[in-house]
Amino acid sequence: MINLNVDLGILAIQVITFLLGMILIWQVFLKKFSKKLAERSDYIKNTLESVARQKIEVEALKADFQKQLETIDKRYQEKIREATKEAMDIKNDIVLQAREESKSLLEKTGEKLEIEKEKMLKEMRIEVTNLALAIAEKVLKENIDKNRQEKIVEELLKEFEKK
Amino acid sequence: MAAEAEGLKEIIFIQLPGIPEAVTMSWIAMGIIIVTGFLGSFSIKRAPRGIQNMVEFGIDWVTEKTREFMGENGPRFLPLFLTLFLFIFVSNLLGLIPGFKSPTSNISVNLALALIVFFSTHYFGIKEKGVLGYFKHFMGPPYWLAPLFFVIHTIGELVRPVSLTLRLFFNILAKEVLLTLLATLFFVFLMLEMPKVIQALLLAGDFLLRPAIILLGALVSFIQALVFTVLSMIYIGSAITHEEEH
């Protein structure tokens, strides 16, 4: 038969053993462990909170940098546009100036040519006049036939060409 | 005890003179818990290793269970429930080691544990709600049925330690009896005169069955410790919970 009798002595000792054991467990290690576990839990919680905070800060910084980058990009584009426009203006000015210069040069050259032409014509007139005078002089000095006359003219022309 | 009554006497290696075997085993169980805890707490590190890891796991697990069954009030009772769980679990396992015996296979030890839970339940219940507030809960909602409810609730409360005691006692006793029986049968089969083949088969069966029973015993040890502790949590938790929190 199974013994179901309760031994009051064992029962009392067991109650004392359990209560003393509970106090000892608390004093020997449970208090230390509970404190350590709570500390660790706080540490983990704080670390996670700090990480979350840092993440938010990083996100804000990232957004700020992004904004700054966009502003810089806009400014850069604007500067490029301005520089391009300026360069185009300068180019146009230069081209215009060159055109004007070339036009003026052409005009001056034309004028010079005209002057030279005039000068040449004047010189030619003088020469032709001198030639005519020389021919007349020769014709007057000598009474010559038609063939002789033509020969004299050819000689004079040759002389003229040489000059 | 029961095994002795059945004529199956276990071989107990450790026996202090004049001190009952259940008390000796109970002290050994408590000693194992305290020494292990002490070794684990020797140099507590932020990243736990070895025994510290094992002890922390146990504490954390029981703390979570108290939270699960008692809410945020639970961790307040950690020393009681941790001691209860560890003591019952180690005591149950002790019986699996040859030469040792589970103190929980003694009804007086189990009754002592159940009475601690019983008195704790009412002590914390009264402390939390006051005497009138606590016993008002026994009367039930319809006031004209209050006497009947009071009797039913009182019987229910008185039955709790009995059920806790007997559940643990019979489960562990069954495991102990089974292991003792297997050990005794081994010698019985060895001494009986029978054909060698049958004797060898019987001895092999006995020999192979023992590890399976030990494994089953380990599982029962854990489950019974858990059941006892969780029921205690529920009893104390329901005693300290106010009506509006239900």
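**Student:** Could you give an account of the overall build of chain A, naming the residues involved and the relevant values?
**Tutor:** When helices and strands are tallied, chain A shows 2 helices and 0 strands. Compactness check: chain A gives a C-alpha radius of gyration of 62 Å against a globular reference of 15 Å for 163 residues, more than 25% above the reference. Viewed in the frame of its principal axes, chain A has a C-alpha envelope of about 190 × 30 × 30 Å. In chain A, which comprises 163 residues, the proportion classed as buried is 7%.

**Student:** Describe the overall build of chain B, listing the residues and the values that go with them.
**Tutor:** Secondary structure assignment for chain B yields 8 helices and 0 strands. If you list the helices and strands of chain B from N to C, you get α-α-α-α-α-α-α-α. Its C-alpha atoms give chain B principal-axis dimensions of about 75 × 55 × 35 Å. Going through the 246 residues of chain B one by one, you find that 33% of them count as buried.

**Student:** Hey, could you go over the environment of I234 of chain B for me, with residue numbers and the actual values?
**Tutor:** With respect to the secondary-structure elements, I234 of chain B resides in helix 8 (residues 196-240). Each C-alpha atom of the pair I234 of chain B and K129 of chain B lies 17 Å from the other, and the pair is 105 residues apart in sequence.

**Student:** How would you summarise the packing of helix 1 (residues 8-141) of chain A against helix 3 (residues 50-70) of chain B if you had to cite specific residues and measurements?
**Tutor:** With their axes 11 Å apart at the nearest point, helix 1 of chain A and helix 3 of chain B run at an angle of 80 degrees to one another. Judged by the angle between their axes, helix 1 of chain A and helix 3 of chain B are roughly perpendicular. Across the interface between the two elements, F29, L30, F33 and L37 of chain A from helix 1 of chain A touch V55, E56, I59 and D60 of chain B from helix 3 of chain B.

**Student:** I'd love a proper account of the interface of chain B and chain A, names of residues and values included.
**Tutor:** With 36 residues of chain B in contact, the opposing surface of chain A contributes 27 residues. Every element with two or more residues in the side of chain B that touches chain A is listed here: helix 1 (2-5), helix 2 (21-40), helix 3, helix 4 (78-94) and helix 5 (107-129) of chain B. For the side of chain B that touches chain A, the element with the most residues is helix 2 of chain B, which contributes 10 residues. The residue inventory of the side of chain B that touches chain A, partitioned by class, reads 26 nonpolar, 7 polar and 3 charged.

**Student:** Tell me about the nonpolar core, residues and numbers included.
**Tutor:** Ranked by size, the top nonpolar core spans 53 residues in total, and within it F81, L82, L84, F85, F87, I88 and L113 of chain B carry the most contacts. When residues of this core are traced back to their parent elements, those giving at least two are helix 1 of chain A together with helix 2, helix 3, helix 4, helix 5, helix 7 (146-191) and helix 8 of chain B. Broken down by element, the residue count for this core peaks at 11 residues, all from helix 4 of chain B. Contacts of F87 of chain B, omitting those with residues within four sequence positions, involve F18 and G21 of chain A together with A29, M30 and I33 of chain B.

**Student:** With reference to specific residues and values, describe the environment of L145 of chain B.
**Tutor:** Among the secondary structure elements, L145 of chain B is positioned in the loop between helix 6 (131-136) and helix 7. Spatially, the C-alpha atom of L145 of chain B lies 45 Å from that of G58 of chain B, the residues being 87 residues apart in sequence.

**Student:** Before we move on, can you summarise helix 8 of chain B with the specific residues and values?
**Tutor:** In this model helix 8 of chain B runs 65 Å from its N-terminal to its C-terminal C-alpha over 45 residues, within 8% of the 66 Å that 1.5 Å per residue would give. All buried positions along helix 8 of chain B are accounted for by G217, S221, Q224, A225, F228, T229, S232, M233, Y235, I236, A239 and I240 of chain B.

**Student:** Which residues make up the confidence of the model for chain B, and what values go with them?
**Tutor:** All names here are of chain B. In this model, chain B carries a mean pLDDT of 86, and residues with pLDDT of at least 70 account for 93%. At the level of individual helices and strands, chain B shows its lowest average pLDDT in helix 1, which scores 44, and its highest in helix 4, which scores 94. In this model residues 1-8 is a low-confidence stretch, pLDDT under 50, and it forms 18 contacts with partners more than four residues away in sequence or in other chains. Among the prediction metrics, the complex's ipTM stands at 0.85, with pTM recorded as 0.71.

**Student:** Before we move on, can you summarise helix 5 of chain B with the specific residues and values?
**Tutor:** Taking 1.5 Å as the rise per residue, helix 5 of chain B with 23 residues should run 33 Å; its terminal C-alpha atoms sit 32 Å apart, in good agreement. Within two residues after helix 5 of chain B, G130 of chain B carries a phi angle of roughly 85 degrees, on the positive side.

**Student:** I'd like to hear about the packing of helix 4 of chain B against helix 8 of chain B, residue by residue, with values.
**Tutor:** All names here are of chain B. At a minimum axis separation of 8 Å, helix 4 and helix 8 run at an interaxial angle of 155 degrees. By the angle between their axes, helix 4 is roughly antiparallel relative to helix 8. In the packing of helix 4 onto helix 8, the handedness of the crossing is right-handed. For the pair helix 4 and helix 8, contact is made by F81, L84, F85, I88, F89, N92 and L93 and by A218, S221, F222, Q224, A225, F228, T229, S232 and M233, respectively.

Each value, and the rule that gives it
- Residues numbered from 1 in each chain as written.
- Chains lettered and ligands numbered in written order.
- Predicted model: local features only at pLDDT ≥ 70, side-chain atom pairs only at ≥ 80, totals over all residues.
- Helix = DSSP H or I, 4+ residues; strand = E, 2+ residues; numbered from the N terminus.
- Rg over C-alpha atoms; globule rule 2.2 N^0.38 Å.
- Buried ≥ 20, exposed ≤ 12 C-beta atoms within 10 Å, placed from the backbone.
- Axes fitted to C-alpha atoms, helices over the stretch in contact; angles between N-to-C directions.
- Parallel < 35°, antiparallel > 145°, perpendicular 65-115°, else oblique.
- Contact = placed C-beta atoms within 7 Å.
- Nonpolar A, V, L, I, M, F, W, Y, C, P; charged D, E, K, R; others polar.
- Core = buried A, V, L, I, M, F, W, Y, C linked by C-beta atoms within 7 Å.
- Expected span 1.5 Å × (residues − 1).
- pLDDT = per-residue confidence, 0-100.
- Left-handed = near helix turned anticlockwise from the far one by under 90°.

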